Amino acid sequence: MSGAGAPDTQELVDGTGLSVVVVAGTWHEEITDGLIAGAERVLAESGASFSIVRVPGSFELPVVSKAALENGADAVVALGVIIRGGTPHFEYVSSAATDGLTRVALDTGKPVGFGVLTLDDEQQGLDRAGLPGSKEDKGAEAAHAALAAAVVLRGLAAR
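These numbers come from a predicted model, not from an experiment. (Residues numbered from 1 in each chain as written. Predicted model: local features only at pLDDT ≥ 70, side-chain atom pairs only at ≥ 80, totals over all residues. Heavy atoms only, no water.)

Undergrad: What's the story with the nonpolar core in this structure? I'm lost.
TA: Here is a general trend for soluble globular proteins: nonpolar side chains tend to be buried in one another's company. Val20, Val77, Leu79 and Leu147 are the most contacted members of the largest nonpolar core, which totals 25 residues. Taken together, the elements giving at least two residues each to this core come down to β1 (19-24), α1 (29-46), β3 (75-83), β4 (112-119) and α5 (138-157). When neighbours within four sequence positions are excluded, Leu79 is seen to be in contact with Val22, Val23, Ala24, Gly25, Leu35, Ile36, Ala39, Leu61, Gly115, Gly139 and Ala142. Formed by 16 residues, the second largest nonpolar core is a distinct cluster that contains Val23, Ala73, Leu101 and Val112. (Core = buried A, V, L, I, M, F, W, Y, C linked by side-chain atoms within 4.5 Å. Buried < 20%, exposed > 50% of the residue type's maximum accessible area, 1.4 Å probe, protein only. Helix = DSSP H or I, 4+ residues; strand = E, 2+ residues; numbered from the N terminus. Contact = heavy atoms within 4.5 Å.)

Undergrad: Just to check I follow, could you spell out the pairing of β1 for this structure?
TA: As a general feature of sheets, a regular strand has side chains that alternate between the two faces. Most of β1 is tucked away: five of the six residues are buried. The pairing of β1 with strand β2 (residues 49-54) spans six bridges and is classified as parallel. When the sheet's bridge partners are listed, Val20 is paired in β2 with Phe50. With five bridges connecting them, β1 and β3 associate as parallel partners. Paired with Val21 across the two strands is Val76, which belongs to β3. (Pairing = 2+ DSSP bridges.)

Undergrad: I would appreciate a short explanation of the packing of helix α2 (residues 61-70) against helix α3 (residues 89-108) in the present structure.
TA: The axes of two packed helices give the description: the angle between them and the distance between them. Relative to each other, α2 and α3 sit at 15°, their axes nearing to 8 Å. Judged by the angle between their axes, α2 and α3 are roughly parallel. Handedness of the crossing formed by α2 with α3: right-handed. Taken together, the residues of α3 that come into contact with α2 (itself represented by Leu61, Pro62, Ser65, Lys66, Leu69 and Glu70) are Ala96, Ala97, Gly100, Leu101, Val104 and Thr108. Across the contact of α2 with α3, the residue classes break down as seven nonpolar, three polar and two charged. (Axes fitted to C-alpha atoms, helices over the stretch in contact; angles between N-to-C directions. Parallel < 35°, antiparallel > 145°, perpendicular 65-115°, else oblique. Left-handed = near helix turned anticlockwise from the far one by under 90°. Nonpolar A, V, L, I, M, F, W, Y, C, P; charged D, E, K, R; others polar.)

Undergrad: I would appreciate a short explanation of the environment of Leu18 in the present structure.
TA: Within the element layout of this structure, Leu18 appears in the segment before β1. By relative accessible area, which is 5% here, Leu18 ends up buried. Sequence separation between Leu18 and Val151 is 133 residues; the distance between their C-alpha atoms is 8.5 Å. The contacts of Leu18, once residues within four sequence positions are left out, are Ala48, Ser49, Asp74, Leu147, Ala150, Val151 and Arg154.

Undergrad: Explain α5 to me, please; I cannot follow it from the model alone.
TA: At 3.6 residues per turn, the α-helix brings residues three or four places apart onto the same side. Its 20 residues place the ends of α5 28 Å apart at the C-alpha level, agreeing with the 28 Å of an ideal helix rising 1.5 Å per residue. Those residues of α5 that fall on the buried side of the exposure criterion are Gly139, Ala140, Ala142, Ala143, His144, Ala146, Leu147 and Ala150. Along its buried surface, α5 packs onto β1, α1, β3 and β4. (Expected span 1.5 Å × (residues − 1).)

This is the structure in structure tokens:
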């Protein structure tokens, strides 16, 4: 985790009038709950309306994110935790979630804030979850990215 070159996510994005759905997996509850809390904080401060939807795991993030966007959401914040184990399962789930969420964004033309943590161990997740003592807040960063992209898209549509 370098953190070097990270954008300033402290700048408030005006999300007034935007509808955002946070889609979050249920694995690794402490880390995921931290990610959700960071996303909720950023979305609430922005003035966007938002809801939280839970899915079984990161593999299910793309299909539910697509449904949320097709049913009126302006953006999605996808949050998940995938920790490397001793089998190739990590690579398959990480790839499916990443590729699927990219496809959802491109197919719908709407932003997907990517907050899926791919980790070697639990401590890396705790360091990124926005919890007390964490070095980063990836849930907040994903929400900020989704909002900022939605605002850009709204501006382009108004031209």
